[in-house]
Amino acid sequence: MNARTEPEVIHTALQAAAGHHLSNAHLDALEEETIFILREVAAAFERPTLLFSGGKDSLVMLRCAEKAFGVGRIPYPLLMIDTGHNFPEVTDFRDRRAAELQAELIVRNVEDSMKRGTVRLAHPGESRNVHQSVTLLEAIEEFRFDALIGGARRDEEKARAKERIFSHRDSFGQWQPKAQRPELWTLFNTRLAPGEHFRVFPISNWTELDVWQYIEREAIALPSIYYTHQREVVDRRGLLVPVTELTPPKDGETVQVRDVRFRTVGDITCTCPVASLAATAGDIVIETLAADVSERGATRMDDKTSDASMEKRKKDGYF
C-alpha cells in the first residue's frame with residue numbers, strides 16, 4: 001500500500017472532524033476591537049488610507065470597515081503598492097471588491113519607481129517585494145498620508161509581534177522598535193510631528209485561525225487561489241515554489257503537479273503555496289488547527305534569508 005500524502009492525511013482528519021463545532025464566540029470581541037480602531041483612525045487623523053492587497057487579511061478589515069461605516073461610506077481611500085508581479089487572480093479580485101464597496105482605490109507601481117530611478121534592481125531576476133518600501137514612501141509623500149491601516153497580525157512573524165497597534169514612523173518612514181509608545185487599554189498617543197506618520201494594525205490581536213473562522217462566519221469571498229487547486233511546483237528547500245515565467249525550475253529540479261492552496265498571497269517571486277485539499281473556509285479552519293508553522297514561515301521565501309530579515313525591512317519602511 002502506498003503511503004498517503006500529507007494533504008490526504010489532513011483531508012481524512014477534516015472528514016473525521018465533520019459534525020464537530022469549533023466555537024467562534026470570541027470573534028465578536030475581535031470584530032468590536034477592530035471596528036473601534038478603524039473609527040479611531042477616522043477621528044484622529046486627517047489623511048488616512050487603508051492598505052488593500054486583495055488578500056484575506058485586508059478583506060477581513062474591509063468587512064469590518066463596511067460594518068463600521070457602511071457601503072460607499074468608508075472615509076479613507078484604499079492603497080495598493082503593486083510590484084507588477086502579483087497573482088492576476090488577486091489583483092482582479094481587488095479591483096472588483098473595491099468597486100463593490102464604492103471605495104476609492106489608489107494603485108502605485110514599483111515599476112514606476114524603477115523608471116524614476118528610485119528603485120534599482122541588483123539584477124533583472126531580483127524580487128521586487130522588498131522594494132515596495134520605496135514606492136510606499138513615495139505614495140505617502142505624494143498624498144501626505146498621516147496614517148496607513150494595514151492587515152499585519154502579531155502571530156505572523158516575531159518582528160510583527162513586537163509592534164504596537166498604532167506604530168509610529170519617523171519622518172524617514174522608519175520604525176524604531178525601542179521607541180514605541182505605550183498603549184494602555186484603548187488610549188492611543190496619536191501625536192505627530194511634521195513628516196511623521198503612523199502604521200495602524202487593527203487586527204494585530206487576531207490569529208490565522210481567527211481570520212479563517214471570521215471568513216467562514218461572514219461568508220467573505222476570497223481570490224480562488226486561497227483554496228485547493230492543481231498547480232505546477234518544485235520542491236525547493238522545503239518550500240513548494242510555483243512554476244511561472246518569473247520562477248522557472250532550476251537545473252536538476254523536478255516539476256510536479258500538486259494539490260495546493262496559498263495561505264498568504266504576495267509577489268509571485270517570493271510567495272509559495274502549501275499542499276492542501278481544503279476547498280472551503282471550514283476545511284481551512286480545521287487544517288489551520290493542525291498547522292505547526294506560521295503562514296509566513298511556510299510560504300515566504302523572503303523571510304528565509306535570516307531571522308531578522310522582516311525586522312530590518314520594517315525599520316526601512318516596509319508594511
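Anything mentioned here points back to the structure above.
Residues numbered from 1 in each chain as written. Predicted model: local features only at pLDDT ≥ 70, side-chain atom pairs only at ≥ 80, totals over all residues. Heavy atoms only, no water.

The subject of this paragraph is the packing of aromatic side chains. According to the stated counting rule, one finds ten aromatic pairs in the structure shown. A ring pair is formed by Phe143 and Phe145, whose centres lie 5.3 Å apart and whose planes are at 25°; its orientation type is stacked. According to the relative accessible area criterion, Phe143 is partly exposed, its value standing at 27%. Residue Phe145 is classed as buried on the basis of its relative accessible area of 6%. Plain terms: the ring middles of Phe166 and Phe188 are 4.4 Å apart, the flat faces sit at 25° to each other, and that makes the pair stacked. (Phe/Tyr/Trp six-rings, centres within 6.5 Å; stacked < 30°, edge-to-face > 60°. Buried < 20%, exposed > 50% of the residue type's maximum accessible area, 1.4 Å probe, protein only.)

Moving on to the pairing of strand E1 (residues 48–51). Each regular strand carries side chains that alternate between the two faces of the sheet. Of the two faces of E1, the one holding Pro48 and Leu50 and the one holding Thr49 and Leu51 are both buried throughout. Both E1 and strand E4 (residues 147–149) contribute to a ladder of three bridges, which runs parallel. Bridging across to E4, Leu50 finds its partner in Ile149. (Helix = DSSP H or I, 4+ residues; strand = E, 2+ residues; numbered from the N terminus. Pairing = 2+ DSSP bridges.)

This part is about the sheet that holds E4. The strand order across the open sheet formed by six strands is E3-E2-E1-E4-E6-E5, and the pairing between neighbours is mixed. Where the open sheet ends on each side, the last strands, each with one partner, are strand E3 (105–109) and strand E5 (166–169). Taking the axes of each pair of neighbouring strands and ignoring which way they run, one obtains an average angle of 30° across the sheet. Bridge analysis of strand E2 (residues 78–82) against E3 gives five bridges, and the strand direction is parallel. Its bridge partner being in E3, Leu79 is matched across the sheet by Ile106. (Axes fitted to C-alpha atoms, helices over the stretch in contact; angles between N-to-C directions.)

Further remarks concern the pattern of salt bridges. In total, this model carries 23 salt bridges according to the counting rule given. A salt bridge links Glu163 to Arg169, with the shortest nitrogen-to-oxygen separation between them at 2.8 Å. Overall, the relative accessible area of 3% leaves Glu163 in the buried class. Note on Arg169: relative accessible area 0%, which makes it buried. Through salt bridges with shared partners, a single ionic network connects Asp28, Glu31, Arg63, Glu66, Lys67, Arg97, Glu100, Arg217 and Glu218. (Salt bridge = Lys/Arg side-chain N within 4 Å of Asp/Glu carboxyl O.)

Residue position: His85 is located in the loop between E2 and helix H4 (88–100). Since its relative accessible area comes to 12%, His85 is described here as buried. Expressed as a C-alpha distance, the spacing of His85 and Cys270, which sit 185 residues apart in the sequence, is 9.9 Å. In contact with His85, other than residues within four places in its own chain, are Arg128, Leu246, Gly266, Asp267, Ile268 and Thr269. (Contact = heavy atoms within 4.5 Å.)

This brings us to the nonpolar core. Grouped together as the largest cluster of nonpolar side chains are 52 residues, with contacts concentrated most on Phe166, Trp212 and Ile215. Where this core is concerned, the elements lending two or more residues are helix H2 (27–44), helix H3 (56–69), H4, E4, strand E6 (197–200), helix H8 (208–218) and helix H9 (281–289). Of all the elements, H3 adds the most residues to this core, at eight residues. Discounting residues that sit within four places of it in the chain, Ile215 has contacts with Lys56, Val60, Ile220, Leu222, Tyr227 and Ala281. Within the second largest apolar cluster, eleven residues are counted, among which are Leu51, Ile81, Ile106 and Phe145. (Core = buried A, V, L, I, M, F, W, Y, C linked by side-chain atoms within 4.5 Å.)

The strand order across the open sheet formed by four strands is E8-E7-E9-E10, and the pairing between neighbours is antiparallel. The outermost strands of the open sheet, each flanked by one partner alone, are strand E8 (239–242) and strand E10 (274–275). The pairing of strand E9 (residues 256–261) with E10 spans two bridges and is classified as antiparallel. Bridged to Arg261 within E10 is Val274.

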